[in-house]
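Summary of structural features
Take a look at the letters that make up each chain.
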Amino acid sequence: MPPDDESSAAAYPSSESYTKVLQGRYEFGRILGRGGSSKVYRARDVRTGVHVAVKAVPKPHHPCSPEDAAAARRSVERELAALRRVRGHPHVVRLLDVLASRSTVYLVLDLARGGSVQSALEERGRSDEPVARRLFGQLVSALAHAHARGVFHRDVKPDNLLLDERGDLKLTDFGLCAFADRHLAPDGLTATACGSPAYVAPEILLKKRYDPGKADVWSCGVVLFSLTAGYLPFNDGNLMGMYRKICSGRLRCPKWFSMELRNLIGRMLDPEPNTRIKVDEMLDHPWLRKDGMSFSSITPPGSSHPTPEVVKWEAESELAREMNAFDILTFASGCDLSGLIGTLSDRVRFIVSGINAKSVLDKVEELGREEGFVVRRKEERGFGGVLFEAICANFVAQVSVRPLHEEILLVEAERASNKVAPKFWEKLQASLKFSTN
Ligand code: ADE
């Protein structure tokens, strides 16, 4: 049975395979998979009849250390933020809904009916090159899309590659991912070792600081080798032996590999990260282009060259949405606002009530336009922000609004520096003071 509070799970007298209902919304069926402390269930949306997968992630037990609680929370936040940031790609699993009970957070995902690539490998063995090409192209396209949005998966392996009813690939499980703007040092490197032993890049095993994009490429190389060979490229009876082989730089391909496949795998399983092939180059590699196939990373219109401030702003909007899902709905036991209110030199925060997010955003948007700035606005179900740029695309300031509780909003305004548009900054703050408590 799904872990749940008794209050939110009712016995459901239905067919033999669906027995419990989560918050009146999803009937739970059998377990599809487990990972860490989470379990994934097959489920059915009671209102629409649509079959879905529900990932149940237990919240840390109480009492537990603040560190454990924070780690558990970070992992779910990370997965949610990643799924939101990379959404819209046909080969990334879609997040449909988020629910929470006292003990568990539930991520409702697209159901991939074809199981995992790992099960397919175990049941059917290796694939011919044309079959592997199609799947692998879909994986590279999904990763290129994620990398372009600053999301690095860090746990690419056949268990995390699902297949839908048409046999198309869906990349899943972003719980270990890294964000370019949150988890990497300014040089783009990290030191957090993660991944599954057989798929992990040598630079991680050697405890070096590493580029997570390059580490994803290595893991993809292991996946492609396994798909087409039917066995792992580096294997050994014990873990240390396996690690030695991974770091050795020696790779033996089976005799049935084509020349192009050998070349591509050799370039992905290059132990030197700086000369390893990049995701974008892989999309153009002759092996992937064979049979007239073409795979692209999908980038939405208007996001071709976002400035660093726009990237940061978009990331913070996501953070705002996470706050709603977690601080307020699930994790917060009460709202202690004291730490939230305060004034930094270039940032002001207001707690606002009696006005909705749209009205606040309308007001500051109008002010920005009057002052002649380029205004970008994002709004979604009570969250939102407005970004002000000078004509030459220089970041000037931003305002974000997030609901704290029912009719209470947290409004934050931030500016680039005290040298940029000081008069506008004063007007902006004044425009927000109407509702200061
Ligand atoms: N196992 C883990 N996630 C799944 C999903 N979304 N669909 C099917 N099986 C899964």
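Residue numbering note: each chain is counted from 1, following its sequence as written. Local features are withheld for residues below a pLDDT of 70 in this predicted model, meaning they are given only at 70 or higher, and side-chain atom pairs are given and counted only at 80 or more; totals for whole chains, interfaces and linings count all residues. Only heavy atoms go into the side-chain values, all of them from the structure, while hydrogens and water stay out.

The protein chain carries the name non-specific serine/threonine protein kinase in an unreviewed UniProt entry, which gives Digitaria exilis as its organism. Taken verbatim from the UniProt record of the protein chain, the Function (unreviewed entry) comment is "CIPK serine-threonine protein kinases interact with CBL proteins. Binding of a CBL protein to the regulatory NAF domain of CIPK protein lead to the activation of the kinase in a calcium-dependent manner." UniProt positions are given in the numbering used here, feature names are shortened, and annotations may be inferred rather than shown by experiment. Its UniProt record gives the protein chain the following Sequence similarities (unreviewed entry) comment, quoted word for word: "Belongs to the protein kinase superfamily. CAMK Ser/Thr protein kinase family. SNF1 subfamily."

Next up on the list: the packing of helix α3 (residues 129-148) against helix α5 (residues 212-229). In the contact formed by α3 and α5, the axes pass within 10 Å of each other and the chain directions differ by 165 degrees. The angle between the axes of α3 and α5 places the two elements in the roughly antiparallel class. Viewed along their axes, α3 and α5 form a crossing whose handedness is right-handed. Across from Glu129, Ala132, Phe136, Leu139, Leu143 and His147 in α3, the residues of α5 making contact are Gly213, Asp216, Cys220, Val223, Leu224, Leu227 and Thr228. Residues of the contact of α3 with α5, tallied by class, amount to eight nonpolar, three polar and two charged. In this analysis an axis means a line fitted to C-alpha atoms, helices contributing only their contacting stretch, and an angle means the value between N-to-C directions, from 0 to 180 degrees. Strands are runs of DSSP state E lasting at least 2 residues, helices are runs of H or I lasting at least 4, and numbering of each runs from the N terminus. We call two directions roughly parallel when the angle between them is under 35 degrees, roughly antiparallel when it is over 145, roughly perpendicular when it lies between 65 and 115, and oblique otherwise. Take the far helix as the reference: if the near one is turned anticlockwise from it by less than a right angle, the crossing is left-handed, and if turned clockwise, right-handed. By definition in these notes, contact holds between two residues if any of their heavy atoms fall within 4.5 Å. Throughout this entry, Asp, Glu, Lys and Arg are counted as charged residues, while Ala, Val, Leu, Ile, Met, Phe, Trp, Tyr, Cys and Pro are counted as nonpolar. The remaining residues, Gly among them, count as polar.

Right, let's talk about empty space enclosed by the protein for a bit. Only protein atoms enter the calculation, which uses a 1 Å grid: trapped sets of points that fit a 1.4 Å probe without letting it out are cavities, open sets showing protein on both sides within 12 Å along at least five of seven lines are pockets, and any residue with an atom within 4 Å of a point is a lining residue. Grid points are joined across faces, edges and corners, and a volume is the space filled by probe spheres set on the points. Taken as a whole and judged by the stated rule, the model has one cavity of 30 Å³ or more. Counted as a void, the largest cavity has a volume near 80 Å³. Lining the largest cavity we find 13 residues, and of these Arg154, Cys194, Gly195, Tyr199 and Ser219 sit closest to its centre. Among the elements that line the lining of the largest cavity, the one with the most residues is α5, at three residues.

Attention now goes to the site of the ligand. What surrounds the ligand is the set Leu32, Val40, Ala53, Val93, Asp110, Leu111, Ala112 and Leu162. Polar contact is the term for a pair of N or O atoms within 3.5 Å; when the atoms are in protein, one must be able to donate a hydrogen and the other to accept it, and sequence-neighboring residues count only if both atoms are side-chain atoms. Note that a nitrogen atom of the ligand is positioned 2.8 Å from one of the backbone N or O atoms of aspartate 110. Alanine 112 places a main-chain nitrogen or oxygen 2.9 Å from a nitrogen atom of the ligand. Surface burial for the ligand is 88%, taken as the share of its 270 Å² of free accessible area covered by protein chains. Pocket or cavity membership: a molecule qualifies when more than half of its atoms sit within 2 Å of the grid points of that site. The site holding the ligand turns out to be the largest pocket. Among the residues making up the shell around the ligand, the classes are represented as seven nonpolar, no polar and one charged. The rule for a residue being near a molecule or strand is that one of its heavy atoms must lie within 4 Å of it. All accessibility values rest on the Shrake-Rupley procedure with a 1.4 Å probe; residue burial counts only the protein chains present in the view.

Below, the discussion takes up the packing of aromatic side chains. For any two aromatic rings, the description comes down to two numbers: the centre-to-centre distance and the angle of the planes. Aromatic pairs are defined between Phe, Tyr and Trp rings, using the six-membered ring for Trp, whenever the two ring centres lie within 6.5 Å; interplanar angles under 30 degrees are classed as stacked, those over 60 as edge-to-face, and all others as tilted. In the structure shown here, the tally under the stated rule is eight aromatic pairs. Centroid distance phenylalanine 28 to tyrosine 106: 6.1 Å. Interplanar angle 65 degrees. Geometry classified as edge-to-face. Of this pair, phenylalanine 28 sits in strand β3 (residues 26-35) while tyrosine 106 sits in strand β7 (residues 104-110), and the two are 78 residues apart along the sequence. In this structure phenylalanine 28 comes out as buried when scored by relative accessible area, which is 2%. Using a 1.4 Å probe on the protein chains alone, a residue whose accessible area is under 20% of its type maximum counts as buried, one over 50% counts as exposed, and one in between counts as partly exposed. Judged by its relative accessible area of 0%, tyrosine 106 is buried. Ring pairs connect the aromatic residues Phe28, Tyr41 and Tyr106, which therefore count as one cluster. For arginine 126, the ring lying beneath its charged end belongs to tryptophan 256, and the centroid distance is 4.0 Å. Taking NZ or CZ as reference, arginine 133 lies 4.9 Å from the ring centre of tryptophan 287, over its face. We call a charge positioned over a ring when the NZ of a Lys or the CZ of an Arg lies within 6 Å of the ring centre and within 35 degrees of the ring normal.

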